[in-house]
Amino acid sequence: MSFLELKNITKIYPNGTKAVDETSLNVEDGEFVVFVGPSGCGKSTLLRMIAGLEDITGGEISLDGVIINNIDPSERDVAMVFQNYALYPHMTVFNNMAYGLKNRGISKDKINSKVNDAAKLLEIDQLLDRKPSMLSGGQRQRVAMGRAIVRNPKIFLFDEPLSNLDAKLRNQMRLEIKKLQRQMDVTSIFVTHDQTEAMTLGDRIVVINDGIVEQVGTPKEIYSNPNTKFVAEFIGSPQMNLFDCSIKNGIAKIGEAQVNLDNLININDASIGIRPDDIQITDSGKFESKANLVEYLGSDMIIYSSIGGQDFSCKLSSKIDVKAGDNFKFDITPSSIHVFDNNTNKKV
Amino acid sequence: MKKVQFKSSYSQYFFLAPQLLILLIFLYWPIIQTFRDAFTIQDAFGFGSYFAGFDNFKFIFTDPSYYTAFKFTIIYSFVITLITGSIGLLLAVQANNVLHGKNVYKTLLIWPYAIAPAVVGVMANYFFSERFGLLYHLFNNLWGFNWYEDVFDAYIYVVIAGSWKQISANFIFFLAGLQAIQKTVIEASIIDCKSNIRRFWTITFPLLMPTTFFLIIINITYAFFDTFGIIDTTTIGAPGSETKTLVYKAYIDGFKGLDLGSAGAQSIMMMLIVLVITIFQFRYIEGKIHYN
Ligand SMILES: Nc1ncnc2c1ncn2[C@@H]1O[C@H](COP(=O)(O)OP(=O)(O)OP(=O)(O)O)[C@@H](O)[C@H]1O
Ligand SMILES: [Mg+2]
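Parameters at a glance
Residues numbered from 1 in each chain as written. Chains lettered and ligands numbered in written order. Predicted model: local features only at pLDDT ≥ 70, side-chain atom pairs only at ≥ 80, totals over all residues. Heavy atoms only, no water. Helix = DSSP H or I, 4+ residues; strand = E, 2+ residues; numbered from the N terminus. Buried < 20%, exposed > 50% of the residue type's maximum accessible area, 1.4 Å probe, protein only. Areas by Shrake-Rupley, 256 points an atom, 1.4 Å probe, with all protein chains shown as cover. Lys, Arg positive; Asp, Glu negative; His and termini not counted. Charge placed at Lys NZ, Arg CZ, Asp CG, Glu CD. Contact = heavy atoms within 4.5 Å. Buried area = accessible area lost by both parts, 1.4 Å probe. Salt bridge = Lys/Arg side-chain N within 4 Å of Asp/Glu carboxyl O. Polar contact = N/O pair within 3.5 Å; in protein donor to acceptor, adjacent residues only side chain to side chain. Nonpolar A, V, L, I, M, F, W, Y, C, P; charged D, E, K, R; others polar. Axes fitted to C-alpha atoms, helices over the stretch in contact; angles between N-to-C directions. Parallel < 35°, antiparallel > 145°, perpendicular 65-115°, else oblique. Left-handed = near helix turned anticlockwise from the far one by under 90°. Near = heavy atom within 4 Å. Expected span 1.5 Å × (residues − 1).

## Description of the overall build of chain B
When helices and strands are tallied, chain B shows 13 helices and 2 strands. Looking at the 292 residues of chain B, the share that counts as buried comes to 40%. By element, 70% of the accessible surface of chain B is carried by carbon and sulfur atoms, the whole surface being about 17200 Å². Each charge class in chain B can be summarised by its mean position, and for the 19 positive and 16 negative side chains these summaries are 17 Å apart.

Below, the structure is given as structure tokens:
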């Protein structure tokens, strides 16, 4: 039995919105799982059902062997970090962290030592007497983390905790969260709509779309072997190129261009997906196209072009000399091509 | 943008005149008049008046009925503030938790706010009249309630009449205050604390402090000044003069008793009270009780 088990979880809001549809998932002890998906796909709803902040319409959630569907949120032994931190504005940093412990009847000495330890760990021990309104965004973030840590919960739940921070601080906190999680070895679920965050943080990633789990896997599995067109497009930056085509005997026709695949399939209405960095520019290339736009990113650059009337991009080292308006030749390795059936949107 | 330049330097006074006139006639002139009255003694038939220094003030401070009114006003505003505040808060918390038909509750609870105090008084009359009053007879059966003769019973009468409408005001502001609390803060506390009651007193109520203090001032001001119509349509000060508020007493002494000097002095005392409340509000409340 897994540490956290979701069995056929469904959520229908009172207004009829079906936010989560028959979702099942197992999370192992100590694992860091990331829920990722576009806005409104039901990530928060799923997380909030685990926390107990949202009723479960159908299905069963068990944590550490106990079914928690009807257990009060305060007794599930979960800790949640919210996007807007949700600190208690009228309490000092110390009391914000101590509040949950006090309500559980823990002795004063123990509370003091726990809060002080957490504060040291998060480097906020100088701020314990301040009210949240006197803290910066990053400091509030740390207090919110501290409030979760002192409780020693069975599971950490993060709902986009980094999205209110600026880019630099976000990267820094991301690393720190990962480090803390490793150090404390607490099972964690992290919700984000940012695929970079998902890739860098997660032991496993759960890609959700429209209330349905599209794919579960390690970042590497998800990146190199997306199961559906949605996952293919959602994970990876710049996003995967998808070309509509028809495939006959292992040859995909994109307008005039013919791309060889490495197995001899026939699909009328298909898409082939090629990651921008799987396109090699060589003078001996089989294909030729015009660079419409070139984006220079320092070590890399991105060329925007089109073939057979369909736009695509390729990412390559900026040492190669291609300027906007130039023609360039390129090749595609057959093994790096992902084939999807447009009727099912699934990988072939 | 084109600037409009007035040629004559008098035209601005022309445009200001209506507003200034209204202020002068209805605000400044009565204030001046009040000060004049407070420091003169007029004979009741209007034949003569003379400067009296602080005699009118000395008079009201030696008048036991002034102390009665003062005491009643203090008790009245304290009780009204407490009752309307706590019932308003209770209703607001309940209405905020209602999932279905929230707007029906809200609308029904807000309605009394729109009723004029005098109308409230007239309605209260029906409930407390000796002949056919529902509450009169209910209370009378319980403990021999008779506000015509018993001071405490008269207090009950004016407190109920005075509270009813003001509960609505408290309800509205508390509900707005509750809805202004971040939803995630409440959710965080749901994870941190199991007991609803404890959560209310440790999170919700402290976060409502700004609203609470605002309402305390509003309720005190209401009990002091806006209950005139209620007193005038219910007990009229009965049994003796025990249920006269300061405002009501000033009015009775001035316009019924024709003692404008005493009424003027009482009015100035009230101005001082308002001044104290206002200073208190600005000093201690506006500045201190904001969290963000
Ligand atoms: N209280 C609610 N009542 C009705 N529908 C809701 C409620 N909360 C969320 N929804 C709907 O449920 C769906 C999923 O919402 P949810 O908040 O889980 O999305 P999300 O994946 O967290 O999105 P985001 O990245 O924007 O936070 C959305 O379509 C949303 O409109
Ligand atoms: Mg969300």
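## Brief notes about the interface of chain B and chain A
With 20 residues of chain B at the interface, the matching set in chain A holds 24 residues. Buried surface at the junction of chain B and chain A, summed over both partners, amounts to about 2000 Å²; 58% is from carbon and sulfur atoms. On inspection of chain B and its partner chain A, the count reaches 3 salt bridges. Across the salt bridge formed by A:Arg151 and B:Asp192, the nearest N and O atoms sit 3.4 Å from each other. Scanning the region where chain B abuts chain A turns up 14 residue pairs in polar contact (both at pLDDT 80 or more). Residue assignment for the side of chain B that touches chain A shows that the elements contributing at least two residues are helix 8 (183-192) and helix 9 (196-207) of chain B. If you tally residues by element for the side of chain B that touches chain A, the top one is helix 8 of chain B, at 9 residues. Tallied by class, the residues present in the side of chain B that touches chain A amount to 9 nonpolar, 5 polar and 6 charged.

## Focus: the packing of helix 5 (residues 117-128) of chain B against helix 7 (residues 151-180) of chain B
Residue and element names in this part refer to chain B. Taken N-terminus to C-terminus, the directions of helix 5 and helix 7 make an angle of 135 degrees; their axes are 9 Å apart at the nearest point. The angle between helix 5 and helix 7 places the two elements in the oblique class. The handedness of the crossing between helix 5 and helix 7 comes out as right-handed. Seen from helix 5, the contacting residues are Pro-117, Val-120, Met-123, Ala-124, Asn-125 and Phe-128; seen from helix 7, they are Tyr-157, Ile-160, Ala-161, Trp-164 and Lys-165. Split into classes, the residues belonging to the contact of helix 5 with helix 7 amount to 9 nonpolar, 1 polar and 1 charged.

## Looking at the site of ligand 1
Residue and element names in this part refer to chain A. Around ligand 1, the structure places Tyr-13, Asn-15, Thr-17, Ala-19, Ser-39, Gly-40, Cys-41, Gly-42, Lys-43, Ser-44, Thr-45 and Glu-160. Glu-160 is positioned with one of its side-chain polar atoms (N or O) 3.1 Å from an oxygen atom of ligand 1. Considering ligand 1 on its own, with 630 Å² of exposed area, one finds that the protein chains cover 63% of that surface. By residue number, the principal contributor to the shell around ligand 1 is helix 1 (residues 43-51), which donates 3 residues. Counted by class, the shell around ligand 1 contains 3 nonpolar, 7 polar and 2 charged residues.

## Quick notes on helix 9 of chain B
Since the α-helix packs 3.6 residues into each turn, any two residues three or four apart lie on the same face. In this model, helix 9 of chain B (12 residues) spans 15 Å end to end at C-alpha, consistent with the 16 Å of a helix rising 1.5 Å per residue. Every buried residue belonging to helix 9 of chain B is among B:Arg199, B:Phe200, B:Ile203, B:Thr204, B:Phe205, B:Pro206 and B:Leu207, and all of these are buried. Those residues of helix 9 of chain B that are buried are in contact with helix 2 (93-102) of chain A together with helix 3 (64-97), helix 7, helix 8 and helix 10 (209-226) of chain B.

## A closer look at helix 2 of chain A
The buried fraction of helix 2 of chain A is high, at 8 of 10 residues. Those residues of helix 2 of chain A that fall on the buried side of the exposure criterion are A:Val93, A:Phe94, A:Asn96, A:Met97, A:Ala98, A:Tyr99, A:Gly100 and A:Leu101. Taken together, the buried residues of helix 2 of chain A touch helix 3 (108-121) and helix 4 (137-149) of chain A together with helix 8 and helix 9 of chain B.

The analysis is restricted to geometry; functional conclusions fall outside its scope.
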